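# Survey of secondary and tertiary structure
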Amino acid sequence: TRTPVTVTVTGAAGQIGYALLFRIASGQLLGADVPVKLRLLEIPQGLKAAEGTAMELDDCAFPLLQGIDISDDPNVGFDGANVALLVGARPRTKGMERGDLLEANGGIFKPQGKAINDHAADDIKVLVVGNPANTNALIAQAAAPDVPAERFTAMTRLDHNRALSQLSKKTGAPVSEIKKLTIWGNHSATQYPDVFHAEVAGKNAAEVVNDEQWLADTFIPTVAKRGAAIIEARGASSAASAANAAIDHVHTWVNGTDADNWTSAGVVSDGSYGVPEGLISSFPVTAANGKFEIVQGLDVNEFSRTRIDASVKELEEEREAVRGLGLI
Ligand code: NAI
């Protein structure tokens, strides 16, 4: 029998947590033969609801679930963690400036990064979902100098999946026939979903679409503003689709990408494509042997260059802001 993998979920009592935990416990995160131990990390006000979720997890009698611990102490929550899903974050409230938002989240992600540094397992893999995801990941990573920087990632897989779905609707090809899409930059409205290297049933996607105006005026804004459209329609932000993307991200990280495909993830830049080193930016990535690699050598046309640069500029500004606040 395999040793269980310890998975820590922060914000476990929130709506993404509720959509995520049952799928982890059922084996969809790591595989149907991998036992898991869950650690639910919450703030004190969230502990009671987390206990309720844990009762429901018990009531599913998942064969793979070997234990559930609940804590409001990051040092306990991340102890021995192999995978950490950092979902809990401080949302932007009315009248809050960007600096206030970054500062409030720094107060969450800096101590969590330190707790990961001091207590997580040597093979820890971190996915930051809580917004602003890229910069929260950067803050946590900077607070964990003993953990290889590449273990800290930010989620743009939901954006990637949204782009797949929109391109599928436009071309009529099933999502399984669409490959090599890329989300570049920040998980924010400046993100750039790029179809120029994508393939639709083996043909170049930009050529199949053959409509640059649709790309500029419909596709890109639909993907980038989808989160707001969901809030408008549902009266609450994306939860099941966000949880699904988190599952996809970690599953790909652990199990790898197909040979003829890649995906998108926020990973530490090595300077590729003019993205300053050290920023956590979304790139086209492959995964193998538990490691993401940035896809190299793609031509970036003018249309793409302007949009990548704009999103990366925003990431640099966020990095400057958290530097100024002493968070990194
Ligand atoms: P929610 O408000 O329903 O739940 C958040 C939970 O986090 C709450 O239970 C809260 O008590 C907990 N929490 C707050 N601070 C914490 C801390 N320091 N430690 C542990 N837990 C803490 O929010 P929801 O809908 O689950 O979303 C969570 C985050 O995910 C938000 O920041 C949201 O913007 C982000 N998000 C990111 C997406 C992406 O694509 N990267 C997509 C959708 C949401």
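All values derive from a computational prediction rather than experimental measurement.

The rules behind the values
- Residues numbered from 1 in each chain as written.
- Predicted model: local features only at pLDDT ≥ 70, side-chain atom pairs only at ≥ 80, totals over all residues.
- Heavy atoms only, no water.
- Helix = DSSP H or I, 4+ residues; strand = E, 2+ residues; numbered from the N terminus.
- Buried < 20%, exposed > 50% of the residue type's maximum accessible area, 1.4 Å probe, protein only.
- Contact = heavy atoms within 4.5 Å.
- Domains from an automatic or database assignment.
- Buried area = accessible area lost by both parts, 1.4 Å probe.
- Salt bridge = Lys/Arg side-chain N within 4 Å of Asp/Glu carboxyl O.
- Pairing = 2+ DSSP bridges.
- Near = heavy atom within 4 Å.
- Polar contact = N/O pair within 3.5 Å; in protein donor to acceptor, adjacent residues only side chain to side chain.
- 1 Å grid on protein atoms, 1.4 Å probe; cavity = no way out; pocket = protein on both sides within 12 Å on 5 of 7 lines; lining within 4 Å.
- Sits in = over half its atoms within 2 Å of the grid points.
- Nonpolar A, V, L, I, M, F, W, Y, C, P; charged D, E, K, R; others polar.

### Here we look at the environment of histidine 119
- Locating histidine 119 in the fold gives a position in helix α4 (residues 98–119).
- You can call histidine 119 partly exposed: its relative accessible area is 28%.
- Expressed as a C-alpha distance, the spacing of histidine 119 and glycine 80, which sit 39 residues apart in the sequence, is 6.1 Å.
- Those residues in contact with histidine 119 that sit more than four places away from it in its chain are Asn75, Phe78, Asp79 and Gly80.

### Considerations on the domain arrangement of the protein
- Examined at the domain level, the protein breaks down into domain 1 (5–154) and domain 2 (157–318).
- A C-alpha centroid distance of 23 Å is found between domain 1 and domain 2.
- Taken residue by residue, the interface counts 30 residues in domain 1 and 34 residues in domain 2.
- With both sides pooled, the region where domain 1 packs onto domain 2 buries about 2500 Å², and carbon together with sulfur makes up 63% of that total.
- The largest share of the area that domain 1 buries against domain 2 comes from Gln15, Lys125 and Asn134, three residues that together contribute 23% of it.
- Across the contact surface, domain 1 and domain 2 share 1 salt bridge.

### Points about the sheet that holds strand β10 (residues 199–200)
- Taken together, 3 strands build an open sheet; the order of strands is β7-β10-β11 and the sheet is antiparallel. Sheet topology places β7 (178–179) and β11 (203–204) at the edges, where each strand pairs with a single neighbour.
- As defined by bridge partners, β7 adjoins β10 across 2 bridges and the pair is classed as antiparallel. Note that in β10 the partner of lysine 179 across the bridge is glutamate 199.

### Section: the site of the ligand
- If you check the shell around the ligand, you find 22 residues, and the closest are Gln15, Ile16, Glu42, Val129 and Asn131.
- Between the ligand and glycine 14 there is a distance of 3.3 Å, counted from an oxygen atom to a backbone nitrogen or oxygen.
- Glutamate 42 is positioned such that a nitrogen or oxygen atom in its side chain is 2.6 Å from an oxygen atom of the ligand.
- Most atoms of the ligand, that is more than half of them, are within 2 Å of grid points of the largest pocket.
- Going through the elements one at a time, α1 (15–25) and α4 are the ones with two or more residues in the shell around the ligand.
- Here the residues of the shell around the ligand are counted per class, giving 11 nonpolar, 10 polar and 1 charged.
- A domain-level breakdown of the shell around the ligand finds at least three residues from each of domain 1 (5–154) and domain 2 (157–318).

### Notes on the side chain of serine 168
- For serine 168, the location among the structural elements is in helix α6 (residues 157–171).
- Filtering out sequence-adjacent residues up to four positions away, serine 168 remains in contact with Ala173, Pro174, Val175 and Ile178.

### Observations concerning the pattern of salt bridges
- Across all of its chains, the model carries 10 salt bridges by this definition.
- Measuring nitrogen to oxygen at the nearest pair gives 3.7 Å for the salt bridge that ties aspartate 159 to arginine 162. Placement of the pair is aspartate 159 and arginine 162 together in helix α6, with a separation of 3 residues, close to one helical turn. Grouping residues by exposure puts aspartate 159 and arginine 162 together as buried.
- The residue glutamate 199 makes a salt bridge to lysine 180 at a minimum N-O spacing of 3.8 Å.

### Considering the pairing of strand β13 (residues 280–288)
- With 7 of 9 residues buried, β13 is to be regarded as a mostly interior element.
- Both strand β12 (residues 263–268) and β13 contribute to a ladder of 6 bridges, which runs antiparallel. Counted as the bridge partner of valine 268 is isoleucine 280 from β13.
- Bridge analysis of β13 against strand β14 (residues 291–294) gives 4 bridges, and the strand direction is antiparallel. Along β14, the bridge assignment pairs valine 285 with isoleucine 294.
- Connecting the antiparallel pair β13 and β14 is a turn made up of 2 residues, with asparagine 289 showing a positive phi of about 50°.

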